Amino acid sequence: MSAARRSQGAATIPARVLRVCALYPGLMNIYADRGNLIVLERRCAWRGIGFQLAASGLGEQLDGDAHDLFYIGGGQDRDQRLCARDLIETKRAGLCAAAARGAVVLGICGGYQLLGRSYTLPLPPAGTMRGRCGDDEIEGVGLLNVRTVREDGPRLIGNVAIEVTLEDAPRVPAAGASGRAGQDLDGPTARGRTAVLAGFENHGGRTRLCEGQQPLGRVLKGHGNDGRSGLEGARAGNTIGTYLHGPLLPKNVWFADWLIARALGLAADELAPLDDAIERQTHESALRAAGV
Ligand code: GLN
């Protein structure tokens, strides 16, 4: 669909380019998480915003100044081990410098775990991938002050909805279920708007927020970080980790816009509105699936 057809009113923003870097797109990409990148690309294109997608895989250095948004999807434990070592050795400095200057860093599930301090999981015995022989602590990049442990309990699986409070969340004009997104908070201490993210989670790791770490949101339905705390994800500035697959952004395009705006240094309402009738139905369907 053309930008002219999708864009509703406000002028497109010329000469802007969103520069995205996907980390380990071959290894860290389960549950179709790459759909998140497609949503970013489409929503930029429909507005006349340029879009550049680069990838950084195992062994490749990372130029933290060359991108506005870094993305790492979900992964299997085995692949996370490979990526974790590489993240530390070849990418941590660049990624941390980028986060410090305000670039967006988004980690989904396994990617979220690797943005934290550590992921502790059973060590497979030598020569086999089966059985339990002690635990192994994988070091993460430490952008989020969280620690994840793979416990013996069941995997945390299912549809999930969380309530987030974000400064500058875009208003969603529809009534109905998605009308919750973008509502003003009441009261003198309110500095943001509540909004709802819906998705699907499937993780064995339980994530604990360490001192001072803010969650991304509060669980309305589902398990969240550990199935106990009622908290989901983590956020530090523009670095965000969440267990929501789905993929996340097709089910929550308002959040895609929030990320695009943050990455470009814009307020959310500086992005031209789009005709999101279908996307809102998708969001509402994901909310219904979660029972919200
Ligand atoms: N392997 C990790 C876990 O099971 C992450 C899974 C995922 O990315 N869905 O906790």
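Please read all numbers here as calculations on a predicted model, not as lab measurements.

Remarks on the pattern of salt bridges
Alright, step 1. This model, assessed by the stated rule, comprises 16 salt bridges.
Alright, step 2. For the salt bridge of Asp 79 with Arg 78, the shortest nitrogen-to-oxygen distance reads 3.8 Å.
Alright, step 3. We classify Asp 79 as buried; its relative accessible area is 11%.
Alright, step 4. The salt bridge involving Glu 167 is made with Arg 235; its shortest N-O contact spans 2.8 Å. Taken as a pair, Glu 167 in the loop between strand 8 (156-166) and strand 9 (183-184) and Arg 235 in strand 14 (residues 234-236) lie far apart in primary sequence, 68 residues in all.
Alright, step 5. For Arg 235, a relative accessible area of 14% puts it in the buried group.
Alright, step 6. By sharing partners, the salt bridges in this structure join Arg 43, Arg 47, Asp 257 and Asp 276 into a single network.

Remarks on the confidence of the model for the protein
Alright, step 1. Residue-level pLDDT values for the protein average 88, and 84% of them are 70 or greater.
Alright, step 2. In the model, residues 1-5 has pLDDT below 50 throughout and makes 8 contacts with residues more than four positions away in sequence or in other chains.
Alright, step 3. Counting interchain partners and residues more than four positions distant, the pLDDT-below-50 stretch residues 173-191 has 38 contacts.

Notes on the environment of Ala 289
Alright, step 1. Among the structural elements, Ala 289 can be located in helix 7 (residues 277-290).
Alright, step 2. The class of Ala 289 is partly exposed, set by a relative accessible area of 47%.
Alright, step 3. Linking Ala 289 and Lys 221, residues 68 residues apart in sequence, is a C-alpha distance of 10.0 Å.

Points about the site of the ligand
Alright, step 1. Of all residues adjacent to the ligand, which total 17 residues, the nearest are Asp 77, Gln 80, Cys 109, Arg 155 and Gly 205.
Alright, step 2. The contact in question runs from an oxygen atom of the ligand to an N or O atom on the side chain of Gln 113, over 3.0 Å.
Alright, step 3. Between the ligand and Gly 204 there is a distance of 3.0 Å, counted from an oxygen atom to a backbone nitrogen or oxygen.
Alright, step 4. For the ligand, the accessible surface in isolation is 300 Å², of which the surrounding protein chains cover 98%.
Alright, step 5. Counting residues per element, the ones that place at least two in the shell around the ligand are helix 3 (77-100), helix 4 (110-115) and strand 10 (193-203).

The rules behind each value
- Residues numbered from 1 in each chain as written.
- Predicted model: local features only at pLDDT ≥ 70, side-chain atom pairs only at ≥ 80, totals over all residues.
- Heavy atoms only, no water.
- Salt bridge = Lys/Arg side-chain N within 4 Å of Asp/Glu carboxyl O.
- Buried < 20%, exposed > 50% of the residue type's maximum accessible area, 1.4 Å probe, protein only.
- Helix = DSSP H or I, 4+ residues; strand = E, 2+ residues; numbered from the N terminus.
- pLDDT = per-residue confidence, 0-100.
- Contact = heavy atoms within 4.5 Å.
- Near = heavy atom within 4 Å.
- Polar contact = N/O pair within 3.5 Å; in protein donor to acceptor, adjacent residues only side chain to side chain.
- Areas by Shrake-Rupley, 256 points an atom, 1.4 Å probe, with all protein chains shown as cover.

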